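Now for the letters of each chain:
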Amino acid sequence: MKSDFFHFAEDRILVEQLRLLYGNVGSSVLPAILVAILLVITLANDSNRLGLWLWCAAVIVSKLYSALHARRELAADISRHKLHRQVGWLVFIHAVDGAAWGTLAWATLSNTTMTGSILVVSVLAGVLGNSMALLSPVLPAFTAFTLTLVMMLASKLWLMQAQAYEALGVASILYLASLLGQARNSEAAARAAIQLRFDNVSLMKLANEARQEAEEANQAKSRFLAAASHDLRQPIHAQGLFLDVLGRTPLTPDQGTILASARSAWLASGEMLNALLDFSRIEAGVVKPFVQPFELQTLLHKIENDLAPQADAKGLVFRLRDTALRVNSD
């Protein structure tokens with residue numbers, strides 16, 4: 001397993017990470033422009049006005065280009081064979097954006113009040129925090145932005161040659177380390193969520209395939225039942241004809257009893273065959289239930305004809321009590 005800081009996921013996951021970042025960029029453009037203009041209005045004085053307006057223009061151009069690039073990439077659909085080139089271009093774009101924001105410290109800290117300095121550091125800290133949600137899906141882009149901005153801020157603070165500013169510079173480096181750790185965790189969480197989504201899609205695909213296979217197997221079973229039932233009808237029908245012919249011949253009482261049992265078995269076989277056909281028709285949606293009242297004794301009599309010989313063979317007494325009840329069913 002790779003232990004380097006930047007661990008690229010497989011292509012399809014990286015595509016979704018890029019798409020997530022591109023979708024986030026557009027929402028940050030207007031707030032960034034408004035903040036930049038507000039800072040110029042608040043911090044401008046005779047010594048830094050030109051530099052602040054140049055800084056503001058650089059931030060606006062950087063943000064507009066980032067948004068335009070993100071929209072163009074989303075519209076063109078992200079190409080898998082250019083993924084790492086796109087990541088490299090994002091690193092460059094956001095490194096420039098981080099440098100644009102970091103220039104604010106160089107344009108203001110030497111010629112503003114303590115309140116102004118606090119405002120500048122607070123705004124830059126807020127920009128860094130906001131970039132966590134926007135850029136952390138692609139860790140190299142976030143790292144380029146934060147590293148460039150913090151290095152420019154920290155270098156300016158150290159050059160102020162004041163103990164408080166130097167301590168603030170050290171604090172900014174520690175803040176950078178904290179942000180990078182959180183960003184790595186955030187990227188890992190985004191990657192895991194994307195992987196989970198792909199896994200869910202794969203499971204749904206497998207479930208659909210299994211369902212389709214089950215439906216095909218069920219259809220094959222229905223076709224088999226229909227074909228087998230059709231083929232079995234002929235010998236059963238022939239058996240009935242033979243029993244009718246046999247019934248017209250002189251028979252002893254014992255032979256008549258056996259013939260009656262044979263006819264009952266023949267009728268039961270025909271009914272079982274019809275039941276098989278009914279099952280296949282019901283599964284195919286051809287047969288609909290036809291509910292009507294019928295006498296229960298008729299059904300019990302059929303059961304008696306089927307089970308009484310088996311009970312007699314085992315030395316058991318099989319008895320059914322006659323009933324006049326009627327039931328409502330198919």
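Our structure's up above, just so we're on the same page.
Figured I'd write up the structure that's included with this text. In this text, all values refer to a predicted model and were calculated from it rather than measured experimentally.

Attention shifts here to the nonpolar core. Membership of the largest hydrophobic core comes to 50 residues, with the highest contact counts inside it found for L18, L21, W55, W101, L124 and F142. For this core, the elements supplying multiple residues, two or more each, are α1 (11-25), α2 (29-43), α3 (49-76), α4 (83-108), α5 (114-135), α6 (139-159) and α7 (163-247). For L21, the contacting residues outside a window of four places in its chain are L90, H94, L134, L135, P137, V138 and A141.

In this section: a nonpolar patch on the surface. Taken together, the side chains of Y65, W89, F92 and V96 present a nonpolar region at the surface, about 370 Å² in accessible area. In terms of residue count, α4 provides more of the nonpolar patch than any other element does, three residues in total. Turning to its location among the elements, F92 is positioned in helix α4. For F92, a relative accessible area of 46% corresponds to the partly exposed category.

Our next topic: the packing of aromatic side chains. Following the criterion strictly, the structure yields two aromatic pairs and no others. On the numbers, 5.6 Å between centres and 75° between planes, the contact of W55 with W101 is edge-to-face. Of this pair, W55 sits in helix α3 while W101 sits in helix α4; the two residues are 46 residues apart in sequence, bridging distant segments of the chain. With respect to class, W55 is no different from W101; both count as buried.

Parameters and conventions
Numbering of residues starts from 1 in every chain and runs along the sequence as written. For this predicted model, a pLDDT threshold of at least 70 governs which residues receive local features, and a threshold of 80 or more governs which side-chain atom pairs are given and counted, while totals over whole chains, interfaces and linings are taken from all residues. Derived side-chain values reflect all non-hydrogen atoms in the structure, with water molecules and hydrogen atoms excluded from consideration. For our purposes a nonpolar core is just a set of buried Ala, Val, Leu, Ile, Met, Phe, Trp, Tyr and Cys residues, chained together by side-chain atoms within 4.5 Å. Categorising residues by exposure relies on relative accessible area from a 1.4 Å probe, with only protein chains included: less than 20% of the type maximum marks a residue as buried, more than 50% marks it as exposed, and the intermediate range marks it as partly exposed. To qualify as a helix, a DSSP run of H or I must reach at least 4 residues; to qualify as a strand, a run of E must reach at least 2; elements of each kind are numbered from the N terminus. In what follows, residue pairs with any heavy atoms lying within 4.5 Å of each other are defined as contacts. Residues enter a patch when their relative accessible area is above 30% and they make no salt bridge; the linking distance is 9 Å between like charges and 5 Å between nonpolar side chains (Val, Leu, Ile, Met, Phe, Trp, Tyr). Reported accessibility uses the Shrake-Rupley method at a 1.4 Å probe radius. Residues are deemed covered only where the shown protein chains occlude them. We define a salt bridge as a contact between a side-chain nitrogen of Lys or Arg and a carboxyl oxygen of Asp or Glu at a distance within 4 Å. For Phe, Tyr and Trp, where Trp contributes only its six-membered ring, two rings pair if their centres lie within 6.5 Å, and the inter-plane angle classes them as stacked under 30 degrees, edge-to-face over 60, or tilted in between.

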